[in-house]
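Tertiary structure, described
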Amino acid sequence: MEYQEDYNIEQEEPKKRPEMLTVLCILSFINAVWNGLSNLISFVFYDMFQSVFNQMSEGEGMFEDMAEQMGDSWEMMVEASAMAFSISRGYYFFEMVLYIASFVGVMMMWKLQKRGFHVYTIVQILMLIATSVFVTSKIGGGFPFGSIFWAALFVFMYYPHYKKEMK
């Protein structure tokens, strides 16, 4: 029996993903899938949305009665809708690709791979740049504090796991 005990090979326990990292990854998965699909739909149906928003702005067809009933609220809704689709179609495609890349980065972090953190962080920075270039410059508005806050928050929350658990 001693002979067998000497030759037992100790197997390394696979690292267990911490609960907080699991929660962060799940939230990031949801965000990437939701926004990726949203941008895919916006890209694919861009022309159709444009024609619907043109009808809305003119208060034609099925929108005629709604425009009369809503009054000033209708005008505000039309302006907001027009801003959303004054952004070029390419932006929605680029954002979709970035959300797919974000999903890949999160998947790597889920598997405790360090390079996933790098992919995720670079994608978050590219998203902020794309939003500033395509959206803020096109429709105006201020500095995207909210987007920067959420991107920075998640990167900083992933960072301790990058240092400790990821290989």
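Residues numbered from 1 in each chain as written. Predicted model: local features only at pLDDT ≥ 70, side-chain atom pairs only at ≥ 80, totals over all residues. Heavy atoms only, no water.

Here we come to the overall build of the protein chain. Along its length, the protein chain carries eight helices and zero strands. In the protein chain, buried positions account for 33% of the 167 residues. A fraction of 75% describes how many contacts in the protein chain between residues 6 or more apart in sequence connect residues 24 or more apart. Summed over its atoms, the accessible surface of the protein chain is roughly 11400 Å², and 64% of this surface lies on carbon and sulfur atoms. (Helix = DSSP H or I, 4+ residues; strand = E, 2+ residues; numbered from the N terminus. Buried < 20%, exposed > 50% of the residue type's maximum accessible area, 1.4 Å probe, protein only. Contact = heavy atoms within 4.5 Å. Areas by Shrake-Rupley, 256 points an atom, 1.4 Å probe, with all protein chains shown as cover.)

On to the packing of aromatic side chains, then. Scanning the entire structure with this criterion turns up eleven aromatic pairs. With a centroid separation of 5.2 Å and an interplanar angle of 45°, the aromatic rings of Phe43 and Phe93 are classed as tilted. One end of the pair, Phe43, is in helix α2 (residues 19-44); the other, Phe93, is in helix α6 (residues 89-110), with 50 residues separating them in the sequence. Classification of Phe43 by relative accessible area gives partly exposed; the value is 25%. (Phe/Tyr/Trp six-rings, centres within 6.5 Å; stacked < 30°, edge-to-face > 60°.)

This brings us to the side chain of Glu95. Within the secondary structure, Glu95 is located in helix α6. In this structure Glu95 is buried but unpaired, with Arg89 as the nearest side chain of opposite charge at 15 Å. Residue contacts for Glu95: discarding those within four places in its chain leaves Asn39, Met127, Ala130 and Thr131. (Lys, Arg positive; Asp, Glu negative; His and termini not counted. Salt bridge = Lys/Arg side-chain N within 4 Å of Asp/Glu carboxyl O.)

Within the largest apolar cluster, 14 residues are counted, with the highest numbers of intra-cluster contacts made by Cys25, Val106, Met109, Phe117, Tyr120 and Tyr158. If you list the elements that add at least two residues to this core, you get α2, α6, α7 (114-139) and α8 (145-164). Excluding residues that lie within four positions of it along the chain, Val106 makes contacts with Cys25, Ser28, Phe29, Tyr120 and Tyr158. (Core = buried A, V, L, I, M, F, W, Y, C linked by side-chain atoms within 4.5 Å.)

Scanning the entire structure with this criterion turns up one salt bridge. Across the pair Asp47 and Arg89 runs a salt bridge, and its minimum N-O distance is 3.5 Å. Taken together, the residues span a long stretch of sequence, with Asp47 in helix α3 (residues 46-58) and Arg89 in helix α6 at a distance of 42 residues.

In the predicted model, the protein chain carries a mean pLDDT of 84, and 86% of its residues have values of at least 70. For the protein chain, helix α1 (residues 2-6) is the element with the lowest average pLDDT, namely 55, and α2 is the one with the highest, namely 96. (pLDDT = per-residue confidence, 0-100.)

Let us now look at a nonpolar patch on the surface. On the surface, a nonpolar cluster with roughly 890 Å² of combined accessible area is contributed by Val33, Leu37, Leu40, Ile41, Val44, Phe45, Met48, Ile100, Phe103, Val104 and Met107. Breaking the nonpolar patch down by element, the ones donating at least two residues are α2 and α6. Among the elements that line the nonpolar patch, the one with the most residues is α2, at five residues. Considering the arrangement of structural elements, one finds Val44 in helix α2. (Patch = residues over 30% accessible without salt bridge, like charges linked within 9 Å, V, L, I, M, F, W, Y side chains within 5 Å.)

It is worth spelling out unusual backbone geometry at this point. If you check the backbone angles, Leu112 has positive phi at about 65° while not being a glycine. Residue placement: Leu112 occurs in the loop between α6 and α7. Leu112 gets classed as buried once you look at its relative accessible area, which sits at 10%.

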